[in-house]
Amino acid sequence: MEQLKIPEGYTSPLTIRETEVAIKEVKDHFERALAKNLHLTRVSAPLFVRPESGLNDNLNGVERPVSFGIKEQNDAAAEIVHSLAKWKRYALKHYGFHSGEGLYTDMSAIRRDEDTDNIHSLYVDQWDWEKVISKEERNMETLEYTVRKVYVALKDTEDYISRRYNYIEPLLPDDIFFITSQELEDLYPDLSTKERETKIAKEKGAVFISKIGGLLASGEKHDGRAPDYDDWELNGDIIVYYPVLDMGLELSSMGIRVDEVSLKNQLKEARCEERAELPFQKALLNGELPYTVGGGIGQSRICMYYLRKAHIGEVQSSLWPDDVAEKAAAGGIQLL
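Conventions adopted
Residues numbered from 1 in each chain as written. Predicted model: local features only at pLDDT ≥ 70, side-chain atom pairs only at ≥ 80, totals over all residues. Heavy atoms only, no water. Helix = DSSP H or I, 4+ residues; strand = E, 2+ residues; numbered from the N terminus. Rg over C-alpha atoms; globule rule 2.2 N^0.38 Å. Buried < 20%, exposed > 50% of the residue type's maximum accessible area, 1.4 Å probe, protein only. Contact = heavy atoms within 4.5 Å. Areas by Shrake-Rupley, 256 points an atom, 1.4 Å probe, with all protein chains shown as cover. Lys, Arg positive; Asp, Glu negative; His and termini not counted. Charge placed at Lys NZ, Arg CZ, Asp CG, Glu CD. Axes fitted to C-alpha atoms, helices over the stretch in contact; angles between N-to-C directions. Parallel < 35°, antiparallel > 145°, perpendicular 65-115°, else oblique. Left-handed = near helix turned anticlockwise from the far one by under 90°. Nonpolar A, V, L, I, M, F, W, Y, C, P; charged D, E, K, R; others polar. Core = buried A, V, L, I, M, F, W, Y, C linked by side-chain atoms within 4.5 Å.

**What about the overall build of the protein chain?**
- Of regular secondary structure, the protein chain possesses 9 helices and 11 strands.
- Taken over the C-alpha trace, the protein chain has a radius of gyration of 20 Å; the compact-globule value for 336 residues is 20 Å, and the two agree within 12%.
- Overall, the protein chain is about 55 × 50 × 40 Å in size when its C-alpha atoms are taken along their principal axes.
- Within the span of the protein chain, comprising 336 residues, buried residues form 54% of the whole.
- Relative to all contacts within the protein chain whose residues are 6 or more apart in sequence, the contacts with residues 24 or more apart total 74%.
- For the protein chain, the exposed area adds up to about 15500 Å²; of that, 49% sits on carbon and sulfur atoms.
- Computed over 42 positive and 59 negative side-chain charges, the separation of the two mean positions in the protein chain equals 3 Å.

Okay, structure coming up:
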């Protein structure tokens with residue numbers, strides 16, 4: 001989307017201070033609901049990891065992590081995380097979690113190569129969560145069951161916030177609609193992937209688009225995925241329709257994680273088989289890590305959605321180009 005979109009006649013019913021209070025209400029309620037629905041324990045999380053550990057999320061493989069040298073360790077390099085997609089799986093084993101148990105954490109990240117707009121920022125804050133499952137549970141039934149548990153937390157939070165703030169009318173439907181990325185391409189072959197997301201989200205209200213990462217029949221990908229955490233056949237995104245910006249808004253990316261076979265196949269397809277020698281990937285290929293399902297849920301994204309804000313900068317403090325900040329102020333958007 002364009003760098004800044006200002007909805008016609010937009011004004012926020014809340015002042016900046018009122019917004020800050022509402023942000024905490026949203027986060028507190030959703031965090032409790034998510035932990036209860038998925039039986040998760042909160043744990044502390046790293047802000048940075050060693051690059052040679054293989055624990056950082058490589059995203060699409062082209063984004064550059066922010067790195068720095070550590071003085072007391074002879075300037076050994078550390079990287080600010082992009083997300084904790086891989087670290088969580090390591091932590092489940094290290095902390096002694098068992099099947100049916102899981103963890104969640106507050107993750108803060110910096111994505112220096114992000115193209116910023118109304119819904120993208122250089123600063124990323126999300127709840128990263130991960131849960132141990134058995135090998136037999138690595139199937140679409142488990143994925144859809146888990147998606148519905150996350151969706152119940154999302155809907156419960158919207159109901160709560162709409163009671164707290166009378167300008168907010170609930171938008172989420174009772175249930176979430178499931179569709180694969182290939183089925184979506186078949187429905188709307190002449191639309192771009194983002195246009196397809198908006199089309200189906202506007203029609204259904206809330207949708208889980210599955211099987212993201214591999215090539216579609218058209219030879220294109222629905223979206224990029226790193227090859228070494230999600231199983232591309234057992235993953236997806238929760239997209240909701242957001243009328244403030246007239247778009248499909250992604251609130252969560254999640255999935256059943258790779259096993260030994262899917263990791264090997266996806267590394268080959270992504271042409272980065274050298275990653276198999278990194279400690280995390282090697283441990284996974286050797287069967288030393290648990291089978292898991294997990295995901296990330298954008299904290300600022302859901303605050304923006306529930307509070308009906310036009311820009312993610314209204315619910316988080318980040319850096320924006322000068323011209324964007326000026327146009328936002330003129331358009332009634334109060335950037336923090």
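Now, onward.
**Focus: the packing of helix α1 (residues 16-38) against helix α3 (residues 140-164)**
- Running from N to C, α1 and α3 point in directions that differ by 150 degrees, and their axes come no closer than 9 Å. Comparing their axes, α3 and α1 come out roughly antiparallel. Note on packing geometry: the crossing formed by α1 with α3 is right-handed. Contacts between α1 and α3 involve E25, V26, H29, F30, A33, L34, N37 and L38 from the first element and T146, K149, V150, V152, A153, L154, D156, T157, Y160, I161 and R164 from the second.
- Broken down by class, the residue content of the contact of α1 with α3 amounts to 11 nonpolar, 4 polar and 4 charged.

**Some points on the nonpolar core**
- Of all hydrophobic cores here, the largest spans 57 residues; its most connected members are L34, W129, V150, L154, I302 and L307.
- For L307, the residues in contact, after removing those within four places along its chain, are L14, T19, A22, I23, V26, I161, Y167, I168 and V315.
- Listed in part, the 23 residues of the second largest apolar core include A109, V258, C272 and F280.

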